[in-house]
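Topology and contacts: notes
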Amino acid sequence: MNLKTLTVTYLAAMTATAATAGNIIGTVKDKATGEPLIGTVVSVKEIKDMWATTGLDGSFTLNKMPDEGRYTLVIRYMAYKTVEVSVDVADGKKLMIPLEEDTKTLGEVVIKGRQENRTDRSALLQEKNATGVLNVMSAQTIQLSPDMNVAGVLQRVSGVTMEKDASGEASYAILRGMDKRYNYTLVNGVKIPSPDDKNRYIPLNIFPSDLMDRLVVAKSLTADMEGDAAGGVVDMVMKDAPNRRMLQANAAVGLTDYFMHSDRQYLSSDRADITRKAPYEAFGPNYKASASDFAAGPTRIAAHSMPAPNFSAGVAAGDRFWDKRLGVMVAASMQNNFRGTERTYNTMDMASGEQAMFVKALQHRYYSIHDLTSGLHAKLDLLLGDNKIEWYNMFIRQRSRNTRLTSSVTTEYITATDYTQNDETRSFEQTQTVLATHLKGTHHMGERFTIDWAGIFSEAREKDPDRTYLTLTSSVANAEGQGMWDEGKTLTKTQPMDMERRYQHNSDRDMAGYVNFALDTRLLGSDVKWKAGAQYRRKVRENRYYSYLFNPTDISQKLPGNGFDVFDDISWKCTTPYSQASQLNYNSKEHIGGTYAMVTMKNRYGELYAGIRAEHTNQIYTMLQKFRNMGQVGEQSYWDWLPSASLKWTPTKNMNLRLSYYRSINRPGFYEIVPYQIMGEEYTECGNPALRRARIDNVDLRWEWFPSPSEQVLAGVFYKYLRDPIEQVFVTSDSKLVSGSNTFYQPQNLGNAKNMGFEVDVLKFIRHFGLKANYTYTHSTITTAKRQYKAGSAEYEHGVTQTRPLVNQAPHTANLSLLYRGTTYGWNAQLAASYTGTRLVIVSPFKDADQWDKGTFGLDLSAEKRFACGLSLFLKANNLTDTKRERYIKTVNESNLKYEGQKADRTIVGTYHYGRTLLIGVRYSL
């Protein structure tokens, strides 16, 4: 059919209310479904550079048109037939333009020029046409989700669960049951370093979601991707320069109901009055520190009934200049959040001759957290004929202030209602920053040969100055509660015990270069792409750690009162004036070189891919500890050959069947191979210089059906075989460590493991209503040695082993979202439910003593009302069911049942309560 035969008369019959002369206003929809076509390009044939794209509701406005005259509009949208519409500007009519799908181009869309990547439709097209197994979330979906940061958004993807810390913040992704260490994160396709002091993976909660264009999760690797991922790769694609001038802004306020309970107060310390630098760094290693060198601010704790409201804001602006050859995009975001957590925590131990853990101490912890997160993003791209240059810059900063109150009772001292109680305050201010600058070039040398290259500098830092722990001991009588200031108890004697002041900071600097060569040819009736390239990265990490211990000047001092003011009345003496010796003072370097070759063959039946990647790793560390191991050097160096292959069969234009294989590795982190010992928050931690990399073989099979451009059904299975998997486990030694303990937490290689499962992902719309659901089943096994006492004896059984799942692998994960998108009145809403099954979180050296997190169900809500002026109001509510988290051991020691909250079928190790959050805001789009 000739497109121009679509007559003006038919289109005019579908027009609506009038608009002002000089403007042309309209809406573009799918002719069959009535769905708004977001991102449609509407241009004026007779006027150069007069064009617009449709917004979230499918509407467009052509401003500054002449007041009268007849003009031809050209409407283009990928995978739809282009139409031309004749319009009389003086009529002032609002157009309603239907487009028909072009069945000839639905199979694979090739667009000359710039492609719209912000829509749900473009996300499905990217999944459909990819060589590997992908899940993609568009900016449209991200904006309408209930989540404010990348970590929250990511948990909606099939097979993804998020690891939460003790304060309830989700930071790290677990993909298909593979722990966070088996995944890596990209920004615009490039690796960036982590500010985390222990790990090479990046905390995703520091990235505001409104800086992103889309979120891509790759669950299989090709040879042109770095090979250290087994679960998958998370690529945060940031906002790109738009096709036309764009301005967006948003602001919101909110709160958490956690502090609305009368027994919970918001706690804060005076972080304005701290000692920013350790005396060791400020005055040199021979300086003898005293208590007067340390400011008193961290010991001054204040209680407030409620914190200030939460607040967030963001702005983004972009345009194209110089006849559309130069694109500019700038975006900024800020989030200021207050939250709290109530946690019960029981210290567990194993007695000689026993075969079940007993509760050694009861703890009650209250966390008050203030997070201030800001982000800045800027991108330039320049089009010069067949050449494109891109320059991307990003800066992310999160400052987290945390005050924790812990009340602890050792069970052996409990007699009736009288006991001895230890109370500890911990306060810190941790600042994490990520800076990245990325220059990339793409050059088309004729129609067949392409060269692209990239140069990257990035730096991540973490600063944690003057982290303070202060402990008191009290004799308690007539107790009815466990908290230090609970009513119904009498503190007969309160004395200071000890104090510690810690200083830690680290930096991780990356310099990397990439080059890729691609040649397009024809062979055996198929399109064949030959591709080869190389990569080099130099990473430098510096870690510093200083600790000062204090005892009270008067060990018999009795403190007056039972409020927070007692912490100010203590005189301290520094017992480690030259700083505690620590093996966490080290410098390290990592050199990674990689090269690859791959070939991809495409025809109407599908796609065949094969590739090989070689990577060389060299890790070196130098110990800087003053008293021990000074100058000690450790090194690991090795080659890896990583083959990959995939087959995609396309039986119909809307259906794929994929089979893929790839081999990957998992490198130890710097922190893991350094021979350190440190007393962590809850147990002694040790490094392991003998730790080896893990090697993983991965197989995927997935069936894909796209019944329409906005719908999908995905179903797949996966299998992974791990050699020398790395996990953090408790290890019991026959000799005691510096801390005095013979049990410590250490990364170890644990033989071989298997991980397998299946997943289903469905997206379906019926008029304005939609359903998005996914479910993943995962099963993993690994067998490791365990310790077990002989019954009634202090001797261990020999040859005891136990089979268990991998750490953080939940057998069942599911998401269900009910969607509403009302184009007529501008309403959008999403009710999102998520479920994560029971998972193993801490591995014990003893049999049947591993710790598990009970399955959790969460419910979140978002809603938006858009107005014609470009303004919209939105609401985001999280944890509507006030979900609590429970950690437990599967066995029961009868002695534990006398304590409150214990169960007859399991031993409760701890519980976590976070409260609900609500955010209400306004958004403007030009």
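Residues numbered from 1 in each chain as written. Predicted model: local features only at pLDDT ≥ 70, side-chain atom pairs only at ≥ 80, totals over all residues. Heavy atoms only, no water.

Bringing the overall build of the chain into the picture now. If you tally the helices and strands in the chain, you get 6 helices and 48 strands. For the chain, restricting intrachain contacts to residue pairs at least 6 apart in sequence, the fraction spanning at least 24 positions comes to 71%. Here the chain has roughly 38,300 Å² of accessible surface; of this, 56% comes from carbon and sulfur atoms. (Helix = DSSP H or I, 4+ residues; strand = E, 2+ residues; numbered from the N terminus. Contact = heavy atoms within 4.5 Å. Areas by Shrake-Rupley, 256 points an atom, 1.4 Å probe, with all protein chains shown as cover.)

This part covers helix H2 (residues 120–129). Most of H2 sits out of view: 8 of its 10 residues are buried. Within H2, burial applies to Asp-120, Arg-121, Ser-122, Ala-123, Leu-124, Leu-125, Glu-127 and Lys-128. (Buried < 20%, exposed > 50% of the residue type's maximum accessible area, 1.4 Å probe, protein only.)

A few words on the nonpolar core. In terms of nonpolar packing, the biggest core is built from 36 residues, with Leu-154, Phe-207, Leu-215, Met-236, Met-238 and Met-394 touching the most fellow members. Put simply, the parts of the chain that give this core at least two residues each are helix H4 (150–154), strand S9 (160–164), strand S10 (170–175), strand S13 (212–218), strand S14 (232–238), strand S19 (326–349), strand S21 (387–410) and strand S22 (419–445). A total of 4 residues in this core trace back to one element, the largest contributor, which is H4. For Met-236, the residues in contact, after removing those within four places along its chain, are Val-150, Thr-185, Leu-186, Val-187, Asn-188, Leu-204, Phe-207, Met-212, Arg-214 and Leu-215. If you look at the next biggest cluster of nonpolar residues, it comprises 33 residues, including Ile-678, Cys-686, Leu-691 and Tyr-888. (Core = buried A, V, L, I, M, F, W, Y, C linked by side-chain atoms within 4.5 Å.)

Next up on the list: the sheet that holds strand S8 (residues 134–138). Strand order in the open sheet formed by 5 strands is S8-S13-S14-S11-S12, with mixed pairing between adjacent strands. Sheet topology places S8 and strand S12 (190–191) at the edges, where each strand pairs with a single neighbour. Examined bridge by bridge, strand S11 (residues 183–187) and S14 share 5 bridges and lie parallel to one another. The residue of S14 that forms the bridge with Asn-183 is Gly-232. Lying over the sheet, H2 contacts S8 and S13, oriented at roughly 170° with respect to S8. (Pairing = 2+ DSSP bridges. Axes fitted to C-alpha atoms, helices over the stretch in contact; angles between N-to-C directions.)

With that settled, consider the pattern of salt bridges. For the structure shown, the criterion picks out 65 salt bridges. Between Asp-882 and Lys-884 there is a salt bridge, and its shortest N-O distance comes to 3.9 Å. Overall, Asp-882 belongs to the buried group, its relative accessible area being 12%. Residue classification places Lys-884 among the exposed residues on the basis of a relative accessible area of 51%. (Salt bridge = Lys/Arg side-chain N within 4 Å of Asp/Glu carboxyl O.)

Looking now at the packing of aromatic side chains. According to the stated counting rule, one finds 16 aromatic pairs in the structure shown. Between Trp-639 and Trp-641 the ring centres are 6.3 Å apart and the planes differ by 20°, which places this aromatic pair in the stacked class. Look at Trp-641 and you get exposed, because its relative accessible area is 56%. Through successive ring pairs, a cluster of aromatic residues spans Tyr-258, Phe-259, Tyr-266 and Phe-338. A cation sits over an aromatic face here: Lys-890 above Trp-852, 3.7 Å from the ring centre. (Phe/Tyr/Trp six-rings, centres within 6.5 Å; stacked < 30°, edge-to-face > 60°. Lys NZ or Arg CZ within 6 Å of the ring centre and 35° of its normal.)

The next thing to look at is the pairing of strand S39 (residues 801–804). Judged by which residues are buried, S39 turns out to be one-sided: Gln-802 and Arg-804 face inward and are buried, whereas Thr-801 and Thr-803, on the alternate face, are not. Taken together, the 4 bridges between strand S38 (residues 769–785) and S39 define a ladder with antiparallel strand orientation. Its bridge partner lying in S39, Ala-785 is registered against Thr-801.

On the basis of which strands lie adjacent, the open sheet formed by 4 strands has the order S3-S2-S5-S6 and antiparallel pairing. Looking at strand neighbours, the two that pair on one side only are strand S3 (51–53) and strand S6 (83–88), the edges of this open sheet. Recorded for the sheet is a direction-independent mean angle of 25° between the axes of neighbouring strands. In this sheet, strand S5 (residues 70–76) lies alongside strand S2 (residues 41–44) in antiparallel orientation, the contact comprising 4 bridges. Across the sheet, the residue bridging to Val-44 is Leu-73, located in S5.

Detailed conclusions should not be drawn from predicted coordinates in areas where pLDDT is low. Averaged over every residue, the pLDDT of the chain is 85; residues scoring 70 or more account for 89%. By mean pLDDT, helix H1 (residues 8–12) is the weakest element of the chain at 36, and strand S33 (residues 694–705) is the strongest at 97. A low-confidence stretch, residues 105–115 (pLDDT under 50), is modelled with 23 contacts involving residues beyond four sequence positions or located in other chains. (pLDDT = per-residue confidence, 0-100.)

Attention shifts here to the environment of Leu-691. Summarising the element assignment, Leu-691 is placed in the loop between strand S32 (684–686) and S33. With relative accessibility at 1%, the residue Leu-691 sits in the buried group. With 56 residues separating them along the chain, Leu-691 and Pro-747 place their C-alpha atoms 7.4 Å apart. Among residues more than four places away in sequence, those in contact with Leu-691 are Gln-636, Pro-668, Glu-672, Ile-673, Ile-726, Pro-747, Gln-748 and Asn-749.

What follows deals with the pairing of S9. Burial analysis of S9 places 4 of its 5 residues in the buried class, which makes it a mostly covered element. One ladder, built from 5 bridges, connects S9 with S10; its direction is antiparallel. Directly across from Val-160, in S10, lies its bridge partner Leu-175.

Look at Asp-724: it is not a glycine, yet its phi comes out positive at around 55°. Topologically, Asp-724 is positioned in the loop between strand S34 (712–723) and strand S35 (726–732). The exposure class assigned to Asp-724 is buried, which follows from its relative accessible area of 14%. A positive phi is found at Asp-848, a non-glycine position, where the angle reads about 60°. With respect to the helices and strands, the residue Asp-848 is situated in the loop between strand S42 (839–842) and strand S43 (851–853). On the basis of relative accessible area, Asp-848 is assigned to the partly exposed category, the value being 31%.

Moving on to the environment of His-370. Residue position: His-370 is located in strand S20 (residues 358–384). When the C-alpha positions of His-370 and Asn-402 are compared, they lie 6.5 Å apart, and in sequence the two are 32 residues distant. Excluding its chain neighbours within four sequence positions, the residues that come into contact with His-370 are Tyr-266, Asn-336, Asn-337, Phe-338, Arg-399, Ser-400 and Arg-401. At 2.6 Å, the side chain of His-370 forms a polar contact with the side chain of Asn-336. (Polar contact = N/O pair within 3.5 Å; in protein donor to acceptor, adjacent residues only side chain to side chain.)

All right, on to the side chain of Thr-471 then. For Thr-471, the location among the structural elements is in strand S23 (residues 449–477). Setting aside residues no more than four positions away along its own chain, Thr-471 makes contact with Asn-422, Asp-423, Glu-424, Pro-496, Met-497 and Asp-498.

Attention now moves to the side chain of Arg-613. In this structure, Arg-613 sits in strand S28 (residues 606–623). Among the polar contacts made by the side chain of Arg-613, one reaches the main-chain carbonyl oxygen of Ala-223 at a distance of 2.9 Å. Polar side-chain contacts of Arg-613 include one of 2.7 Å to the side chain of Gln-535. Not counting residues up to four positions away in its chain, the partners in contact with Arg-613 are Ala-223, Asp-224, Met-225, Glu-226, Gly-227, Gln-535, Gly-594, Thr-595, Tyr-596, Asp-640, Trp-641 and Leu-642.

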